[in-house]
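Listed below are the residues making up each chain.
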Amino acid sequence: MNEKLNNWINWILYDELIDGKINAPKHLLGIHDYGNGQVITCYKPHSASVSIKAPSGKTSFPMEKVSEEGFYGIYFPNKKFKGNKYRFVTEYYDGTTVVSADCYSFEGLFTDYDAYLFAEGKNYDIYNKMGAHPMTIDGVKGTYFAVWAPDARRVSVVGDFNMWDGQLNPMQIHSASGVYELFIPDVNPGAVYKYQILTRYGEILYKADPYGNYDQVRPDNANIVADLNEYKWKDEKWMADRAKVDRVSRTKKPMSIYECHLGSWKKRDENSDFGFYNYRELAKMLGDYLTEMGYTHVELIGIAEYPFDGSWGYQVTNYYAPTSRYGEPTDFMYFVDYMHSKGISVILDWVPAHFPRDAHGLGRFDGMPLYENADPRKGEHPDWGTYIFDYGRNEVANFLTSNALFWVEKYHVDGLRVDAVASMLYLDYGKQDGQWVANKNGGKENLEAIELLQNINTLMEERNPGAYLIAEESTAWPGVTAPASMQGLGFLFKWNMGWMNDFLEYMKLDPYFKKFNHNRLTFSLSYAYAENYILVISHDEVVHLKCSMLGKMPGLEFDKFANLRTAYGFMLGHPGKKLLFMGQEFGQQREWSEARSLDWFLLDNPLHKGVQEYVKELNHLYTKYDAFYYNDNEVMGFEWIKVDDADSGIVTFVRRGKSSKDQIMVICNFVPVERKDYRIGVPCLTEYKEILNSDDEKFGGLGRTNKGKKLVAEKAPCDRSDVSMVLDIPPLSTIILKYDYK
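Residues numbered from 1 in each chain as written. Predicted model: local features only at pLDDT ≥ 70, side-chain atom pairs only at ≥ 80, totals over all residues. Heavy atoms only, no water.

**Q** Sorry, what's going on with the overall build of the protein chain here?
**A** Helix and strand counts for the protein chain come out as 18 helices and 36 strands. For the C-alpha atoms alone, the extent of the protein chain along its principal axes is close to 110 × 55 × 45 Å. A burial count over the protein chain gives 61% of its 742 residues as buried. Across the protein chain, every contact between residues at least 6 apart in sequence was considered, and the portion connecting residues at least 24 apart equals 72%. Put simply, the protein chain shows about 28,600 Å² of open surface, and 49% of that area lies on carbon and sulfur atoms. Separation of charge centres in the protein chain, based on 82 positive and 101 negative side chains, amounts to 5 Å. (Helix = DSSP H or I, 4+ residues; strand = E, 2+ residues; numbered from the N terminus. Buried < 20%, exposed > 50% of the residue type's maximum accessible area, 1.4 Å probe, protein only. Contact = heavy atoms within 4.5 Å. Areas by Shrake-Rupley, 256 points an atom, 1.4 Å probe, with all protein chains shown as cover. Lys, Arg positive; Asp, Glu negative; His and termini not counted. Charge placed at Lys NZ, Arg CZ, Asp CG, Glu CD.)

This is how it looks when you write it as structure tokens:
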């Protein structure tokens, strides 16, 4: 062996390389100055010979085979090559020749400043560094990989480009940050990969990339290299307009949300586990349907990658990858782009509360608790069988914060609905005594989670004006939608779970018993302005033997449909933005299942078609008249007219917008009793116009409307008002009147 080469080689590192334990391969492999000369080494197991040449040169320099394991080296007495301006020519025993750039000759891209910010939990653009990023460096195409695994002994990139051999591409650790990185030439989009991790205890793990952008279709679970910069967006005006909407003005805009699970909205093949439509196909089908139906927003469940269909996407294994069930990342970008072209905002369900134990996922990522808290009393949900993120660890907080920003900034998503917020806020959530640990003040509040949520909401507002977060928070935690600067959590909206529970319980009752439960209908107005609420009838209410919305309604078939229309009419009039789960807009009969398509054939039935037409009409009225939404969070926006006559089953109220014109009065009859020439109190002495009656024949009713009747108020006291009027109120119905206040 050349004496200079022998003297330069660090034989301790050599042993680590051969044993598969090296975590700083660039200290041994690649190109290195040595005195006035140069040393180049490489590791090519199972090869016959390796030589070096310049990319455009014809002269090659044979490398010395230092060991039969495949370690090669060469010493040049002068500076023969500069940087990475050389190529390995590797000959194998079967006659194969491979020409490649040296992955260990490229400078690392993860800087000391990146590491500092990451350790502080403030590297909010970390998704541009972590993961797999196709790029060209010094004219060489390849992919840059970076992963955080501070307790690993060694991390390698393995994939279909290196025979899944962990010895071929060990990664370089970056100082004390625990981040491993490596640029591998000739690895292009479409390459399949994982990280092979050697733990401190000698165990070999194969882990999916926590920051990976594209996954194999389940049950396979490796990552696929993807280029997120190749898609050409067409929603520049949408994004510019979105950025002009501030926090207050966003609450004054209409929100009629269609909650949707793409895989079961419509299926290409009901008999196939893989019979899904592509994001691009779904974009047109769903986008056009939502436009026709008058929805303003779509909320997608199950987008971040997950392995088990039955979890609906709430057991996430890859937070930075849209599920491959429906296509590639650029396909999902097209989906969002198309929705924006139709004027529809896109909301994603986001699950920072917990993650599953799947072997390829985040759990015990580098052989030790990393993303989860090491103490099972803090790091595990006993009821759910999942891990809880360690919110107090800066790098984990950074992972989640960056992920929230990622969906908004890379995919132009307009909002995130944060799942299971209550489980984040309370240390004792779902736990018995002895299963949780109090905070430093002796309380049950999760102080680290609170700080994280406040920071995410603050950053979102600063970096992406017009984008927002919605909390699914099921307790009475104060200030969920108050700004973080005012000690609130900073969310823009909160799901109104209290209204939903009370209202559905009321609607399920036989009409006789409703008068004894009238408070279930009215109680929500006592706290309607405590938060910025969204009224929700979500997927959770139509599964697990809870029945569909139609199935919850009492009575025979006709009454069930009339009850359902009445319920949706009351929901429209009640203060708060609106959300309805897919299928409920046409009266789906069966409970929802992710395994099958919605029962679109029901639309052949006039009653189901009538409900669909009714919801369509409600949505279009909602967006046409700002009285339905403009003052959702202002006391002046709502007033009861008739509220205390539980025996009649009738309630009436008014909604006010930003002017005295086109104000709205809503009349709901929750019992199957027709009221002919019924006198009701009204807000002012003017003429009223019936703009919707749920008993209209086109909605599946019997046509007992007030069409053609002149509805004029007169000075006659009724319902605590000095003025009133007479009209017909059908049984089990909602009537909406329009008037100008005088």
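Moving on from the coordinates now.
**Q** Would you mind showing me how to read the sheet that holds strand S17 (residues 256-260) here?
**A** Note: strands within a sheet are paired through backbone hydrogen bonds, in either parallel or antiparallel orientation. Pairing is parallel around the closed barrel formed by eight strands, whose spatial order is S17-S18-S21-S24-S25-S26-S27-S28. Recorded for the sheet is a direction-independent mean angle of 25 degrees between the axes of neighbouring strands. Relative to strand S27 (residues 533-537), strand S26 (residues 493-495) runs parallel, the two sharing two bridges. Bridge pairing in S27 places Lys494 opposite Tyr533. Lying on the sheet, helix H10 (residues 394-410) is in contact with strand S21 (345-350) and strand S24 (415-418); it crosses S21 at an angle near 155 degrees. Together, S26 and S27 form the strand contacts of helix H13 (residues 497-508), whose direction differs from that of S27 by roughly 40 degrees. (Pairing = 2+ DSSP bridges. Axes fitted to C-alpha atoms, helices over the stretch in contact; angles between N-to-C directions.)

**Q** Explain the pairing of strand S33 (residues 687-693) to me, please; I cannot follow it from the model alone.
**A** One face of the sheet, then the other: side chains in a regular strand alternate in exactly this way. Of all the seven residues making up S33, five are buried; the element is thus mostly covered by neighbouring parts of the structure. By the bridge criterion, four bridges tie S33 to strand S36 (residues 733-739) in an arrangement that is antiparallel. Bridge pairing in S36 places Glu690 opposite Leu737.

**Q** Can you walk me through the environment of Thr330 in this structure?
**A** Within the secondary structure, Thr330 sits in helix H8 (residues 329-341). Residues Thr330 and Ala304, 26 residues apart in the sequence, show an inter-C-alpha distance of 14 Å.

**Q** Is there a simple way to explain the layout of surface pockets in this structure?
**A** In this approach, a probe sized like a water molecule rolls over the atoms, and the result shows the empty space that is left. Of the voids in this model, the largest pocket is the one considered here, and its volume is about 590 Å³. Lining the largest pocket are 25 residues, with Lys44, Ser100, Phe161, Leu168 and Asn169 positioned closest to its centre. When contributions to the lining of the largest pocket are tallied by element, the ones reaching two or more residues are strand S2 (37-43), strand S7 (87-92), strand S8 (97-101) and strand S13 (179-185). Residue classes in the lining of the largest pocket are distributed as 16 nonpolar, six polar and three charged. (1 Å grid on protein atoms, 1.4 Å probe; cavity = no way out; pocket = protein on both sides within 12 Å on 5 of 7 lines; lining within 4 Å. Points joined across faces, edges and corners; volume = space filled by probe spheres on them. Nonpolar A, V, L, I, M, F, W, Y, C, P; charged D, E, K, R; others polar.)

**Q** Would you mind going over unusual backbone geometry with me for this structure?
**A** A negative phi angle is the norm for most residues apart from glycine, just as the trans form is the norm for most peptide bonds. Of note, the amide linkage connecting Arg218 to Pro219 takes the cis form, showing an omega dihedral of 15 degrees. Residue placement: Pro219 occurs in the loop between strand S15 (204-207) and strand S16 (223-224). For Ser175, which is not glycine, the phi torsion reads 35 degrees and is therefore positive. Assignment of secondary structure puts Ser175 in the loop between strand S12 (172-174) and S13. Residue classification places Ser175 among the exposed positions, given a relative accessible area of 55%. Phi is positive for Asp186, which is not a glycine, with a value near 70 degrees. Relative to the helices and strands, Asp186 is located in the loop between S13 and strand S14 (192-198).

**Q** Can you walk me through the packing of helix H17 (residues 557-573) against helix H18 (residues 606-624) in this structure?
**A** Helix packing geometry: the angle between the two helix axes and the distance between the axes. Running from N to C, H17 and H18 cross one another at 10 degrees; their axes reach a closest spacing of 11 Å. Accordingly, the angle class assigned to the pair H17 and H18 is roughly parallel. Side by side, H17 and H18 meet where Glu557, Phe558, Phe561, Leu564, Arg565, Tyr568, Gly569 and Leu572 of the first sit next to Leu607, His608, Val611, Tyr614, Val615, Leu618 and Tyr622 of the second. Split by residue class, the contact of H17 with H18 holds eleven nonpolar, two polar and two charged. (Parallel < 35°, antiparallel > 145°, perpendicular 65-115°, else oblique.)

**Q** Please clarify how the environment of His340 should be interpreted in this entry.
**A** For His340, the position within the fold is in helix H8. Its relative accessible area of 6% is what places His340 among the buried residues. In sequence terms His340 and Asn162 are 178 residues apart; their C-alpha atoms lie 41 Å from each other. Among all residues touching His340, those that are not within four sequence positions of it are Asp235, Trp238, Met239, Val346, His412 and Asp414.

**Q** Can you help me understand the pairing of S27 in this one?
**A** S27 sits mainly inside the fold: five of its five residues count as buried. Both faces of S27 are covered, namely the face carrying Tyr533, Leu535 and Ile537 and the face carrying Ile534 and Val536. As paired strands, S27 and strand S28 (residues 577-581) are joined by four bridges and run parallel to one another. Opposite Val536, over in S28, you have Leu579 as the bridge partner.

**Q** Can you help me understand the packing of aromatic side chains in this one?
**A** Two aromatic rings are characterised by how far apart their centres lie and by the angle between their planes. The full count for this structure, using the stated rule, is 65 aromatic pairs. An angle of 75 degrees between the planes, with centres 5.8 Å apart, marks the rings of Tyr319 and Phe399 as edge-to-face. Residue Tyr319 is found in strand S20 (residues 318-322), and its partner Phe399 is found in helix H10; the two are separated by 80 residues along the sequence. Of the two residues, Tyr319 and Phe399, both sit in the buried class. Directly above the ring of Tyr630 sits Lys252, whose terminal nitrogen or CZ lies 4.3 Å from the centroid. (Phe/Tyr/Trp six-rings, centres within 6.5 Å; stacked < 30°, edge-to-face > 60°. Lys NZ or Arg CZ within 6 Å of the ring centre and 35° of its normal.)

**Q** Hey, could you run me through the pattern of salt bridges in this one?
**A** Two side chains with opposite charge may pair up if their charged atoms get near one another. Per the stated rule, a full pass over the model turns up 42 salt bridges. As a salt-bridge pair, Glu714 and Arg679 come within 2.8 Å of each other at their nearest N and O atoms. Taken as a pair, Glu714 in the loop between strand S34 (711-712) and strand S35 (724-729) and Arg679 in strand S32 (residues 675-681) lie far apart in primary sequence, 35 residues in all. Linked by salt bridges that have partners in common, Glu299, Asp349, Arg417, Asp419 and Glu472 make up one network. (Salt bridge = Lys/Arg side-chain N within 4 Å of Asp/Glu carboxyl O.)

**Q** Can you walk me through empty space enclosed by the protein in this structure?
**A** Per the stated rule, a full pass over the model turns up four cavities of 30 Å³ or more. Contributing elements (two or more residues each) for the lining of the largest cavity: S17, H17, S28 and H18. By residue number, the principal contributor to the lining of the largest cavity is H18, which donates four residues. Partitioned by chemical class, the residues of the lining of the largest cavity number ten nonpolar, two polar and one charged.

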